[in-house]
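Topology and contacts: notes
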Amino acid sequence: MSAPVVGRFAPSPTGPLHFGSLIAAVGSYCLARKHKGLWLLRMEDLDTPRVVPGAADDILRTLDAFGLHWDGEIVWQSQRIDAYQSALEKLQEGGRLFACGCSRKEVIASAPHPGEEGPVYAGTCRRGLRPGRKPRSLRLHVPEERICFTDGVYGAVQQVLSRSVGDFVLRRADGLFAYQLAVVVDDSASGVTQVVRGADLLSSTPRQIYLHACLGTASPTYYHLPLAVDSQGEKISKRHGPISVGHESLDCGLLQEVLRFLGQSVPKELALAPAREVLRWAECCFDQQRIPANLDGLYVKVEKFV
Ligand code: GLU
């Protein structure tokens, strides 16, 4: 018997849900429930300067109103600092980290070429800080090797970390733990086996797979959902605006639109059905093969095997 699926949704409470985050919520929910798996919820409230008061509650109420009910306790990243610290220490003991004294400006100026999400780190402090420089961030050494994985939607994907991002930051200059570290530590601690999220994170995945390997934890499987952009490249979320309880957008039509966006054909008989009924249909009938891999809407580039 194969291991039970453990999926999750991990919103950042920087505002209410929007069409894009609802896609990730519905997609991750359906792909977990379809396999009779668990669906966990994690509030990514680690980047405190970006957290908006009240946004987490708003997101929880909205998920509940759609019938997107999660299993177990909510994990709050702001309460997991010790876990991130001990992962960092483990990496440090393994000689995988180094202190970097470069400012953002210096990283940009010294980048050998533009990367996928900003400048590629040139390796300036890899062999020690230059005289008179203070440590600012902690970075992870990355190897020359190619990281390959098979995405459930986009297929075979590969990235050479040293060429695409360079040694990346795990503890930021402002003292906060980086998203890349937190997500890997948390997914592993919660026993997550299946990550379903927006394709804007496709290019973060090789970093996360590499971090799992460094920490000796198992990587989950990945499904990256197409981004909600129209043919002009404009974010569809802008059309809908924020999605909250009490807002007129919270209706079954919206859920159907999300499911259609994910390539699903909701039966006509459910056209006027309440959201929960539509969701019940999706829990058993959601078909992952139908999710379109919309590479045009993908503004981050990873190489696909040909
Ligand atoms: N918190 C991230 C976001 O809201 C998602 C992280 C993830 O799913 O790994 O975009």
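In case you missed it, the structure is sitting above this.
Around the ligand, the neighbouring residues are Arg 8, Ala 10, Pro 11, Ser 12, Glu 44, Tyr 179, Val 183, Arg 197 and Leu 201. Within the side chain of Ser 12, an N or O atom sits 2.8 Å from a nitrogen atom of the ligand. The contact in question runs from an oxygen atom of the ligand to an N or O atom on the side chain of Tyr 179, over 2.8 Å. When the ligand sits alone it has 300 Å² of accessible area, and the protein chains cover 76% of it. Looking at the shell around the ligand residue by residue, the classes come out as five nonpolar, one polar and three charged.

With that settled, the discussion passes to the pairing of strand 6 (residues 146-151). Of the two faces of strand 6, only one is covered, namely that formed by Ile 147, Phe 149 and Asp 151; the face formed by Arg 146, Cys 148 and Thr 150 stays uncovered. Examined bridge by bridge, strand 6 and strand 7 (residues 155-160) share six bridges and lie antiparallel to one another. Within strand 7, the residue paired with Thr 150 across the bridge is Ala 156. Between strand 6 and strand 7, which follow one another and run antiparallel, lie three residues.

What follows deals with the pairing of strand 5 (residues 137-140). Side-chain alternation along strand 5 places Ser 137 and Arg 139 on one buried face and Leu 138 and Leu 140 on a second face that is also buried. Relative to strand 5, strand 4 (residues 97-100) is paired through four bridges, and the arrangement is antiparallel. Bridge pairing in strand 5 places Ala 99 opposite Leu 138. One ladder, built from three bridges, connects strand 5 with strand 8 (residues 168-171); its direction is antiparallel. For Arg 139, the partnering residue across the bridge sits in strand 8 and is Val 169.

Before going further, it helps to examine the nonpolar core. Core analysis: the largest hydrophobic core is formed by 79 residues, its most contacted members being Leu 22, Leu 63, Leu 68, Leu 91, Leu 170, Leu 181 and Leu 259. Top element by residues in this core is helix 1 (residues 19-34). It accounts for 10 residues. Apart from the residues within four sequence positions on either side, Leu 181 is in contact with Tyr 84, Ala 87, Leu 88, Leu 91, Leu 170 and Leu 211. Cys 100, Cys 102, Val 107 and Cys 125 belong to the second largest nonpolar core, which has six residues in total.

The rules behind these values
Residues numbered from 1 in each chain as written. Predicted model: local features only at pLDDT ≥ 70, side-chain atom pairs only at ≥ 80, totals over all residues. Heavy atoms only, no water. Near = heavy atom within 4 Å. Polar contact = N/O pair within 3.5 Å; in protein donor to acceptor, adjacent residues only side chain to side chain. Areas by Shrake-Rupley, 256 points an atom, 1.4 Å probe, with all protein chains shown as cover. Nonpolar A, V, L, I, M, F, W, Y, C, P; charged D, E, K, R; others polar. Buried < 20%, exposed > 50% of the residue type's maximum accessible area, 1.4 Å probe, protein only. Helix = DSSP H or I, 4+ residues; strand = E, 2+ residues; numbered from the N terminus. Pairing = 2+ DSSP bridges. Core = buried A, V, L, I, M, F, W, Y, C linked by side-chain atoms within 4.5 Å. Contact = heavy atoms within 4.5 Å.

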